[in-house]
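Geometric and topological summary
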Amino acid sequence: MGNVTVIVGCHWGDEGKGRAAFFESQDAHMIVRSTGGNNAGHTIVYKGKKYALHLIPSGIIHKGKMNVIAPGVVVDPDVLIKEMETLEKDGIKVTKRNFAVSGRAHLIMPYHRDLDRLKEELKGNSKVGTTGKGIGPAYSDKADRIGIRLYDLLLPQKKLQEKIELAIKTHNQLFKANEGFENCVVDSKELAKELKQKAHKLKRFICNTDDLIQNAIRKDEKIVIEGAQAYRLDIDHGDYPMVTSSSPNTSGAISGAGIGPKYVNKTIGVTKAYCSRVGNGPFITEQDNEIGDLIRELGGEYGTTTKRPRRCGWLDCVVLRMAKITMGIDELCLNHLDTIGKIGNELGKIYICYAYKYNGEVIEYFPDDIEITGEIPKPLYISLDTGWDIPKDCKTYEDLPAKAKEFIGLVEEISEIPIKYIGFGADNKYTIVL
Ligand code: IMP
């Protein structure tokens, strides 16, 4: 029996995984990021202070925890260095005792950001709406076996330059051939020199994280894997091609960390009481109207990473129920219970999607042949005729308004997942633990 807890997003990201990570980290020895990169934005509000983390696991705000960036992550060195500096300014010292990054993790290079922009531009109306952080091109180079890894920063400058030269052969052709991208052509000598300067700030943290993680597993110490992105953004199980370039589900997360499934003790799925999505792709319960605008305003649904206004809609429990199996979810963290109450106060109604009508049939799964049939599934809803306000001094489930409890009961019943954490405000102190 293992002692690994995995935290994953159930819809399209931005569910507030930081809350579950915060509570689960309190008795953990190690917190691990294992997929994605700085396309993720984990906001944590603790003791009135806001921390916006994109790469370093959120356990860094607790004293005495080891925080690890595992091999499955793609790391932008500029973002990592800036994040360490910001934490230091906030009084959190980042040292070898509380932070390590795998030498096998791949780097997001400046040319990956340029390629992200170029490829989106070339896709025209079919663009994904990426975060523009270079995630896809970095994972593509990794799969193409021309990626540059953190270990490469420790090589002599000449050797690093040779690796970059190999990687950019085709990329430079692409930059030269596309108007407006000519000045993105990479000078490998210059880039190797710049990277070697940055390497000074990072080298003491670069190591073999397998050793750290495996020792923790052997001692049965609790490890929390802090997922990034979410189920429907998974490259295999999401809304391909409108997905990210990694596997943010539980199996992807443990694979990226180098941990086998038998060591996973618990998986916590995180959802909001409504849904949001950034970027393009299907969103069955989307409210592309004044209801969506209201959800966005009351929920503060603007990207942490890109500041983009998020698309908003009602809670989709079809996706939640599917996420349960694909991601092996044991418990839920339900966020924004206060926001959905306020939406109910404004509209007099709240909706939860429990199934879809598709091709004349009621179905309880997300169809993967929408493009073939040309049919858009129609959401079927259960509604509640009310809203509520949650007093800020609310401490227990019993203190919650009756209608809020009814909403919680419906989510548990339809999703078939018990709720463990309820969030009713940005600060983690507004959490009920069941
Ligand atoms: P990429 O990961 O930047 O390549 O973007 C691919 C898709 O995933 C786009 O629709 C992004 O908006 C979405 N995405 C990536 N990371 C996040 C996240 O942390 N939250 C929400 N959406 C994300």
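Residues numbered from 1 in each chain as written. Predicted model: local features only at pLDDT ≥ 70, side-chain atom pairs only at ≥ 80, totals over all residues. Heavy atoms only, no water.

1. Remarks on the side chain of His106
Structurally, the position occupied by His106 is in strand β8 (residues 106-107). If sequence neighbours within four positions are ignored, His106 has contacts with Pro71, Val73, Val74, Val75, Lys142, Gly147, Ile148 and Arg149. (Helix = DSSP H or I, 4+ residues; strand = E, 2+ residues; numbered from the N terminus. Contact = heavy atoms within 4.5 Å.)

2. Overview of the site of the ligand
Around the ligand sit 16 residues in total, of which Asp14, Asn39, Thr131, Thr244 and Arg308 are the nearest. Separating an oxygen atom of the ligand from a side-chain N or O atom of Thr244 is a distance of 2.6 Å. Protein chains shield 97% of the accessible area of the ligand, which is 470 Å² for the free molecule. In terms of residue class, the shell around the ligand is made up of six nonpolar, eight polar and two charged. Counting contributing residues, the shell around the ligand receives three or more from each of domain 1 (4-92 + 209-433) and domain 2 (106-204). (Near = heavy atom within 4 Å. Polar contact = N/O pair within 3.5 Å; in protein donor to acceptor, adjacent residues only side chain to side chain. Areas by Shrake-Rupley, 256 points an atom, 1.4 Å probe, with all protein chains shown as cover. Nonpolar A, V, L, I, M, F, W, Y, C, P; charged D, E, K, R; others polar. Domains from an automatic or database assignment.)

3. Some words on the sheet that holds strand β9 (residues 206-207)
Read from one edge of the open sheet, ten strands run β9-β7-β5-β2-β10-β1-β11-β14-β18-β19, paired in mixed fashion. Unpaired on one side and paired on the other, β9 and β19 (431-433) mark the two borders of the sheet. Judged from the five bridges that link them, strand β11 (residues 264-272) and strand β14 (residues 331-335) form a sheet pairing that is parallel. The partner of Gly269 across the bridge, within β14, is Leu332. (Pairing = 2+ DSSP bridges.)

4. So, the pairing of strand β3 (residues 42-46)
Two strands pair when backbone bridges link them, and β3 and strand β4 (residues 49-53) are joined in this way by five bridges, in the antiparallel orientation. Paired with Val45 across the strands is Lys50, a residue of β4. Counted along the chain from β3 to the antiparallel partner β4, the turn is two residues long, and its residue Lys47 has a positive phi close to 50°.

5. Topic: the domain arrangement of the protein
The domain boundaries assigned to the protein delineate domain 1 (4-92 + 209-433) and domain 2 (106-204). Computed from C-alpha coordinates alone, the two centres of domain 1 and domain 2 are separated by 30 Å. Tallying the contact residues gives 28 residues for domain 1 and 21 residues for domain 2. Summed over both partners, the interface of domain 1 with domain 2 comes to about 2,000 Å²; 59% of that surface belongs to carbon and sulfur atoms. Ranking the residues of domain 1 by area buried against domain 2 places Val74, Pro77 and Ile81 at the top, with a combined share of 25%. For the pair domain 1 and domain 2, the interface holds three salt bridges. Across the domain 1-domain 2 interface, the total number found is ten residue pairs in polar contact (both at pLDDT 80 or more). Going through the elements one at a time, β6 (74-75) and α2 (77-89) are the ones with two or more residues in the side of domain 1 that touches domain 2. Of all the elements, α2 adds the most residues to the side of domain 1 that touches domain 2, at six residues. (Buried area = accessible area lost by both parts, 1.4 Å probe. Salt bridge = Lys/Arg side-chain N within 4 Å of Asp/Glu carboxyl O.)

6. Some words on the packing of aromatic side chains
Enumeration over the complete set of coordinates arrives at nine aromatic pairs. Between the aromatic rings of Phe424 and Tyr430, the centroid separation amounts to 5.7 Å while the plane-to-plane angle is 55°, which identifies the pairing as tilted. Looking at Tyr430, the relative accessible area reads 18%, which means it is buried. By way of ring pairs, the aromatic residues Phe22, Phe23 and Tyr421 are connected into one cluster. Across from the ring centre of Tyr231, 5.1 Å away, lies the NZ or CZ of Arg232, which sits over that ring. (Phe/Tyr/Trp six-rings, centres within 6.5 Å; stacked < 30°, edge-to-face > 60°. Buried < 20%, exposed > 50% of the residue type's maximum accessible area, 1.4 Å probe, protein only. Lys NZ or Arg CZ within 6 Å of the ring centre and 35° of its normal.)

7. Re the packing of helix α10 (residues 317-327) against helix α13 (residues 402-415)
At a minimum axis distance of 8 Å, the contact between α10 and α13 shows a crossing angle of 55°. The orientation of α10 with respect to α13, classified from their angle, is oblique. Regarding α10 and α13, the two cross each other, and that crossing is right-handed. On α13, the residues touching Cys317, Leu320, Arg321 and Lys324 of α10 are Val411, Ile414 and Ser415. A class-by-class count of the residues in the contact of α10 with α13 yields four nonpolar, one polar and two charged. (Axes fitted to C-alpha atoms, helices over the stretch in contact; angles between N-to-C directions. Parallel < 35°, antiparallel > 145°, perpendicular 65-115°, else oblique. Left-handed = near helix turned anticlockwise from the far one by under 90°.)

8. A few points about unusual backbone geometry
Leaving glycine aside, a negative phi is the common case for residues, and trans is the common case for peptide bonds. Cis rather than trans, the peptide bond between Tyr240 and Pro241 has omega equal to 10°. In this model, Asp14 sits at a positive phi of 60°, which is unusual for a non-glycine residue. In this fold, Asp14 is placed in the loop between β1 (4-9) and α1 (17-25). The phi dihedral of Asn359 falls on the positive side, at around 50°, and the residue is not glycine. For Asn359, a relative accessible area of 39% gives the class partly exposed.

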